[in-house]
Amino acid sequence: MRQSELFTTTRREAPTDEVARNAQLLIRAGYIHKEMAGVYSYLPLGLRVLENIVRIIREEMQAIGGQEVSLPALQDRLVWQKSGRWSDEVVDVWFKTALKNGAELGLSFTHEEPLTALMTDYVHSYRDLPRAVYQFQTKFRNETRAKSGIMRGREFLMKDLYSFSRDTVEHEKFYERAKQAYQNIFERVGLGATTYLTYASGGTFSKYSHEFQTLCATGEDTIYVCEKCHVAVNQEIIDDLQHACPQCGAKDVRSATAVEVGNIFSLGTKFSEAFNLSYLDEQGASRLVVMGSYGIGPGRVMGTIVETLSDEKGIVWPKTIAPYALHLVVLGGRGAETAAVLAAADQLYTTLTARGVAVLYDDRDVQAGEKFADADLLGIPLRAVVSAKTLAQKKIEIYDRSTDEKKMIDEREIHTLL
Ligand code: ATP
Ligand code: MG
């Protein structure tokens, strides 16, 4: 991508009503655009990051046997009345709308009900189980406070997977695989070291559900961390556990501020009962399906990465999710020099792009200082500078955004750094 052709630009200031650092930086860098509180558009660079996160999550969901679907955002009131969750007293985040004939509809805040109802058309026998079904889908939630940028949207993307098992033993087996898949995801997006498997309340048989909490000063949750086990306990159940680690029993758990980036939950037969999602077992007896649900917000993950990995100059993307692998910056020379420098940079851009390297090429006619400030803000992990100086030495200057290290290399060495 030639930066001169990118329709977005960087800006010095974020909107004054934007208090979240993730949104301030993402808006200033042109990754997202604010529409209103809790509602953001993803722009070309931001969409590439979001899609990289989605790709990693998708790979891990496929690896545990997930089958991808896409359910509608418009939801039927009658379906939700079966589980008792249509009521605004029970669910306080509903956005609802109505047909012209007055019939009420809900805008998806989650999908347990419609998917359980859907599965009754396909699950009849023990041979139809187990199954795992997932989607990347827009959720709407009328969040009271939407001051955390893309970490708490009123409209946001969620990956939600639902598992359908014959019994609790089969369910537990899948649950453990999903837990591992989640750990792989947070590792791969660059949050492995700061994300803790966190014991939470609400598991149906296993006593606990699990959240994945990332240490983050601006997070909205408090967790209690056991460093030895790299696990944590959330605020709801810390008293029940008498402030001890649920794995090793140590009493020296320390409190920390964190953000929930994902969670996994055993649902038991709550929804299969409401929708009569049952199957005939090998003896011909009818049994209820045992379910689980597994959520991650790719936008919240993106926001958390910005909150926790950025520095005073801007964003620092991990390689795995960066919008581009390389930021090629050309600096104009003087007079006749300029054409030669530009030609060399153009040539490098063409070569790398042909080799499949994702390159953002700053070919704009602006001052070096502005180019570097923008590159720091954008946070692409590797920067390659082509200038009269590098051309004279027949080298390229490489700068690593996360280590702040610079070195001169031969052009053919670039691929070893990507
Ligand atoms: P929170 O307690 O932070 O509101 P939640 O318990 O409501 O989260 P879930 O309903 O379990 O969250 O949703 C699954 C995942 O979706 C969360 O772990 C989070 O990553 C993401 N998520 C939830 N709410 C939002 C939101 N408003 N904006 C962006 N992502 C969200
Ligand atoms: Mg919530």
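Above: the structure in question.
Nothing here was measured: the structure is a model prediction, and the numbers come from that model.

Peer 1: Provide a residue-level description of the sheet that holds strand β6 (residues 104-107), including the pertinent values.
Peer 2: Spatially, three strands are ordered β4-β6-β5 in an open sheet, and the strand pairing comes out antiparallel. Whereas interior strands pair on both sides, the edge strands pair on one side only; in this sheet they are β4 (74-76) and β5 (95-98). Shown here is a sheet whose adjacent strand axes are inclined to one another by a mean of 40°, direction ignored. By the bridge criterion, four bridges tie β5 to β6 in an arrangement that is antiparallel. For Phe-95, the partnering residue across the bridge sits in β6 and is Leu-107.

Peer 1: Help me get a handle on the side chain of Asn-234, residues and values and all.
Peer 2: Topologically, Asn-234 is positioned in strand β12 (residues 231-234). Exposure remark for Asn-234: the relative accessible area of 4% places this residue in the buried category. Among the polar contacts made by the side chain of Asn-234, one reaches the main-chain amide nitrogen of Glu-236 at a distance of 3.1 Å.

Peer 1: Describe the pattern of salt bridges, naming the residues involved and giving the relevant values.
Peer 2: Considering all chains together, one arrives at 29 salt bridges under this definition. Residues Asp-281 and Arg-287 are paired through a salt bridge, measuring 3.9 Å at the closest nitrogen-oxygen approach. Taking the relative accessible area as the measure of exposure, Asp-281 reaches 11% and is therefore buried. In the salt-bridge network here, residues are joined through shared partners; they are Arg-55, Glu-59, Glu-60 and Arg-188.

Peer 1: So what's going on with the site of ligand 1? Which residues, and what values?
Peer 2: Taken together, 14 residues form the shell around ligand 1, and within it Glu-143, Arg-152, Glu-260, Asn-263 and Arg-300 come nearest. Between ligand 1 and Glu-260 there is a distance of 2.6 Å, counted from an oxygen atom to a side-chain nitrogen or oxygen. Here Asn-263 contributes a side-chain N or O atom positioned 2.6 Å from an oxygen atom of ligand 1. Protein chains shield 81% of the accessible area of ligand 1, which is 590 Å² for the free molecule. Those elements that provide at least two residues to the shell around ligand 1 are β8 (155-165) and β13 (254-268).

Peer 1: Summarise the sheet that holds strand β18 (residues 359-362); cite the residues concerned and give the values.
Peer 2: As summarised here, the arrangement of the five strands in space is β18-β17-β19-β20-β21, forming an open sheet in which the pairing is mixed. The open sheet is flanked by β18 and β21 (405-409), the only strands paired with a single partner. Here the strands of the sheet are splayed against their neighbours by 20° on average, with no regard to which way each runs. Summarising the sheet, strand β20 (residues 396-400) and β21 pair through five bridges and their orientation is antiparallel.

Peer 1: I'd like a rundown of the layout of surface pockets, residues and numbers included.
Peer 2: The computed volume of the second largest pocket comes to approximately 240 Å³. Considering the residues around the second largest pocket, the lining is formed by 13 residues, among which Leu-331, Gly-332, Arg-364, Asp-365 and Val-366 are closest to the centre. Listed by contribution, the elements that provide at least two residues to the lining of the second largest pocket are α8 (336-354) and α9 (368-378). The residue makeup of the lining of the second largest pocket, split by class, is five nonpolar, four polar and four charged.

Peer 1: Hey, could you go over the packing of helix α1 (residues 21-28) against helix α7 (residues 298-309) for me, with residue numbers and the actual values?
Peer 2: Contact geometry for α1 and α7: axes closest at 8 Å, N-to-C directions at 95°. With respect to α7, the axis of α1 lies roughly perpendicular. Packed against α1, whose contacting residues are Arg-21, Asn-22, Leu-25 and Leu-26, the element α7 presents Met-302, Gly-303, Val-306 and Glu-307 at the interface. In the contact of α1 with α7, the residues fall into four nonpolar, two polar and two charged.

Parameters at a glance
Residues numbered from 1 in each chain as written. Chains lettered and ligands numbered in written order. Predicted model: local features only at pLDDT ≥ 70, side-chain atom pairs only at ≥ 80, totals over all residues. Heavy atoms only, no water. Pairing = 2+ DSSP bridges. Helix = DSSP H or I, 4+ residues; strand = E, 2+ residues; numbered from the N terminus. Axes fitted to C-alpha atoms, helices over the stretch in contact; angles between N-to-C directions. Buried < 20%, exposed > 50% of the residue type's maximum accessible area, 1.4 Å probe, protein only. Polar contact = N/O pair within 3.5 Å; in protein donor to acceptor, adjacent residues only side chain to side chain. Salt bridge = Lys/Arg side-chain N within 4 Å of Asp/Glu carboxyl O. Near = heavy atom within 4 Å. Areas by Shrake-Rupley, 256 points an atom, 1.4 Å probe, with all protein chains shown as cover. 1 Å grid on protein atoms, 1.4 Å probe; cavity = no way out; pocket = protein on both sides within 12 Å on 5 of 7 lines; lining within 4 Å. Points joined across faces, edges and corners; volume = space filled by probe spheres on them. Nonpolar A, V, L, I, M, F, W, Y, C, P; charged D, E, K, R; others polar. Parallel < 35°, antiparallel > 145°, perpendicular 65-115°, else oblique. Contact = heavy atoms within 4.5 Å.

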